[in-house]
Protein chains: 2
Amino acid sequence: MGDKNNAAYVTRFKDIIKNEHFLFGIGDISKATGVSQRKLRYWEERGYIHPENSSDEGQHRKYSHFMFLKIAMIQSFLKEGYTLSAAVQKTNEHHKLGKAVFGFVKERLQNFTFVPGGYEIDLGEVNDTQGKHIYALIRSNKKTELFLK
Amino acid sequence: MGDKNNAAYVTRFKDIIKNEHFLFGIGDISKATGVSQRKLRYWEERGYIHPENSSDEGQHRKYSHFMFLKIAMIQSFLKEGYTLSAAVQKTNEHHKLGKAVFGFVKERLQNFTFVPGGYEIDLGEVNDTQGKHIYALIRSNKKTELFLK
DNA sequence: ACATCTTTGTCAAATTATTTGACAATTAAA
DNA sequence: TTTAATTGTCAAATAATTTGACAAAGATGT
């Protein structure tokens with residue numbers, strides 16, 4: 001159980017991560033994924049990826065986090081020997097996984113308590129457990145533990 | 001239980017999110033947080049925030065996701081009426097929460113199953129439950145549910 | 001083996017975004 | 001009211017990206 005201050009902090013934190021909408025320049029994506037800018041423009045030309053730009057937001061390509069994950073995934077399959085179009089197909093099979101995974105934590109973060117070396121995070125109620133919540137105990141240099149309370 | 005293909009996908013996905021290291025330009029941060037570039041440079045001057053640059057990575061300021069969260073949090077406190085130094089202090093109280101929260105999901109993602117409208121994600125074993133795992137059922141337009149299996 | 005197609009690299013000229021330094025304007029504190 | 005802190009604006013310079021073009025490399029098909 002976090003105290004009142006932590007609840008406010010979490011509310012603020014949740015608002016930020018829930019609404020975070022950041023974009024990367026092509027150079028940033030290239031460096032972060034190891035895919036050259038030339039490749040990125042070609043993939044765009046082929047219709048595999050899309051920058052996210054509105055007309056009032058500058059003339060440079062800007063990519064979302066979702067697109068970053070997609071690009072990294074395509075690259076990963078390419079490295080495995082897949083052809084480009086196959087890599088794109090494999091990537092698209094679960095193109096919503098990233099949204100789901102990160103969306104999960106953004107939705108489920110209820111509260112947190114500061115503990116020695118880290119945090120205990122309340123992820124909310126678990127079905128069929130008489131109202132028990134699942135907590136993640138996250139400490140530096142230790143494997144995260146999950147427990148019910 | 002995901003099948004063999006999904007386990008490989010998750011491994012790849014985990015590798016990407018675990019090692020993701022992306023950086024934002026100052027314009028991107030400014031747009032994403034609503035904090036002007038002038039302000040960001042002033043906060044840097046004051047020692048409150050730091051771009052992350054190595055000498056071989058260009059001359060423009062580049063900020064990490066962690067720094068993005070910090071900046072957004074400071075802005076949030078400022079909007080609440082705190083002085084800049086107080087906002088920074090409040091933000092620094094839990095400067096590791098972001099790392100903990102996102103680190104949790106990166107560490108704990110075990111596997112996933114595609115279900116109608118979304119995914120069922122296995123987050124691994126829960127203490128004192130005879131080896132049961134906690135699953136998140138994430139579907140579009142539905143609240144995420146957690147259950148033990 | 002050769003021809004064709006796809007993909008990636010390189011480069012120049014132009015454009016856009018960021019930098020620094022400086023000063024002004026606004027806001028907050030004493 | 002004065003002083004200090006914070007933010008806005010601007011010019012000149014520099015860095016990063018754009019587009020178009022062509023070359024080079026790699027893959028595919030006959």
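Residues numbered from 1 in each chain as written. Chains lettered and ligands numbered in written order. Predicted model: local features only at pLDDT ≥ 70, side-chain atom pairs only at ≥ 80, totals over all residues. Heavy atoms only, no water.

So, about the sheet that holds strand E6 (residues 145–148) of chain A. Across the sheet, which stays open at both edges, the 4 strands sit in the order E3-E4-E5-E6 (chain A) with antiparallel pairing between neighbours. Because the sheet does not close on itself, it has two edges, and the strands there are strand E3 (111–115) and E6 of chain A. Mean inter-strand twist for the sheet, computed between neighbouring axes without regard to direction, equals 25 degrees. Across 5 bridges, E3(A) lies against strand E4 (residues 118–125) of chain A in antiparallel orientation. What sits directly across from A:Thr113, in E4(A), is A:Glu120. In the packing of helix H6 (residues 97–108) of chain B onto the sheet, contacts are made with E3, E4, strand E5 (133–139) and E6 of chain A, and the angle to E4(A) comes to roughly 65 degrees. (Pairing = 2+ DSSP bridges. Helix = DSSP H or I, 4+ residues; strand = E, 2+ residues; numbered from the N terminus. Axes fitted to C-alpha atoms, helices over the stretch in contact; angles between N-to-C directions. Contact = heavy atoms within 4.5 Å.)

Close to DNA strand C lie 18 residues, the nearest being A:Ser36, A:Tyr42, A:Gly58, A:Gln59 and B:Arg41. Each atom of DNA strand C within 4 Å of the protein was assigned to sugar, phosphate or base; sugar and phosphate come to 78%. Interatomic distance of 2.7 Å between a backbone N/O atom of A:Gln59 and a phosphate oxygen of DNA strand C. Put simply, the parts of the chain that give the surface near DNA strand C at least two residues each are helix H3 (37–45) of chain A together with helix H2 (26–33) and helix H3 (37–45) of chain B. The leading source of residues in the surface near DNA strand C is H3(A), at 4 residues. For the surface near DNA strand C, a count of residues per class yields 3 nonpolar, 9 polar and 6 charged. (Near = heavy atom within 4 Å. Polar contact = N/O pair within 3.5 Å; in protein donor to acceptor, adjacent residues only side chain to side chain. Nonpolar A, V, L, I, M, F, W, Y, C, P; charged D, E, K, R; others polar.)

Quick look at the relation of the copies chain B and chain A now. After a rotation of 180 degrees and a shift along the axis of 0.0 Å, chain B superposes on chain A with an RMSD of 0.0 Å. With respect to symmetry, the two chain copies, as superposed, fit the operation of a two-fold axis. In terms of proximity to the rotation axis, the leading residue of chain B is B:Phe24, whose C-alpha is 3.0 Å off the axis. The residues that chain B uses at the interface reappear at the interface of chain A in 100% of cases, marking a shared surface. (Least-squares fit on C-alpha atoms with pLDDT ≥ 70 in both.)

Take the side chain of B:Lys70 next. Residue and element names in this part refer to chain B. Looking at where Lys 70 falls in the secondary structure, it is placed in helix H4 (residues 65–79). In this structure Lys 70 is buried but unpaired, with Glu 52 as the nearest side chain of opposite charge at 12 Å. Engagement of the side chain of Lys 70 in a polar contact is seen with the backbone oxygen of Tyr 48, the distance being 2.8 Å. For Lys 70, the residues in contact, after removing those within four places along its chain, are Tyr 48, Thr 91 and Asn 92. (Buried < 20%, exposed > 50% of the residue type's maximum accessible area, 1.4 Å probe, protein only. Lys, Arg positive; Asp, Glu negative; His and termini not counted. Salt bridge = Lys/Arg side-chain N within 4 Å of Asp/Glu carboxyl O.)

On to the interface of chain B and chain A. Contacts between the two partners involve 61 residues from chain B, matched on the other side by 61 residues from chain A. Roughly 5500 Å² is buried in total at the junction of chain B and chain A, and carbon and sulfur atoms are behind 69% of that figure. A per-residue breakdown of the area chain B buries against chain A is headed by B:Tyr9, B:Arg12 and B:Leu146, which together make up 13% of the total. Counting every contact that joins chain B to chain A gives 4 salt bridges. Notably, a salt bridge pairs B:Arg12 with A:Glu80, separated by 3.9 Å at the nearest N-O pair. At the boundary of chain B and chain A, one finds 18 residue pairs in polar contact (both at pLDDT 80 or more). The biggest single contributor to the side of chain B that touches chain A is H6(B), with 9 residues. The residue inventory of the side of chain B that touches chain A, partitioned by class, reads 32 nonpolar, 14 polar and 15 charged. (Buried area = accessible area lost by both parts, 1.4 Å probe.)

This next bit is on the domain arrangement of chain A. Residues and elements named next belong to chain A. Taken domain by domain, chain A comprises domain 1 (4–16 + 104–148) and domain 2 (20–102). Between domain 1 and domain 2, the C-alpha centre-to-centre distance is 31 Å. Listed by partner, the interface residues are 4 residues for domain 1 and 4 residues for domain 2. Between domain 1 and domain 2 the total buried area reaches about 380 Å² when both faces are included, carbon and sulfur atoms providing 35% of it. Per-residue buried area on domain 1 facing domain 2 is highest for Ile 16, Phe 104 and Lys 106; these three make up 87% of the total on that side. On the surface where domain 1 and domain 2 come into contact, there are 1 salt bridge. (Domains from an automatic or database assignment.)

Within the structure, DNA strand D sits among 18 residues, and A:Arg41, A:Arg61, B:Tyr42, B:Gly58 and B:Gln59 are positioned closest to it. The sugar-phosphate share of atoms of DNA strand D within 4 Å of the protein amounts to 80%. Note that a phosphate oxygen of DNA strand D is positioned 3.0 Å from one of the backbone N or O atoms of A:Gly27. B:Ser36 places a side-chain nitrogen or oxygen 2.8 Å from a phosphate oxygen of DNA strand D. Counting only elements with at least two residues in the surface near DNA strand D, the list comes to helix H2 (26–33) and H3 of chain A together with H3 of chain B. Per-element tally for the surface near DNA strand D: the top contributor is H3(B), with 4 residues. Looking at the surface near DNA strand D residue by residue, the classes come out as 4 nonpolar, 8 polar and 6 charged.

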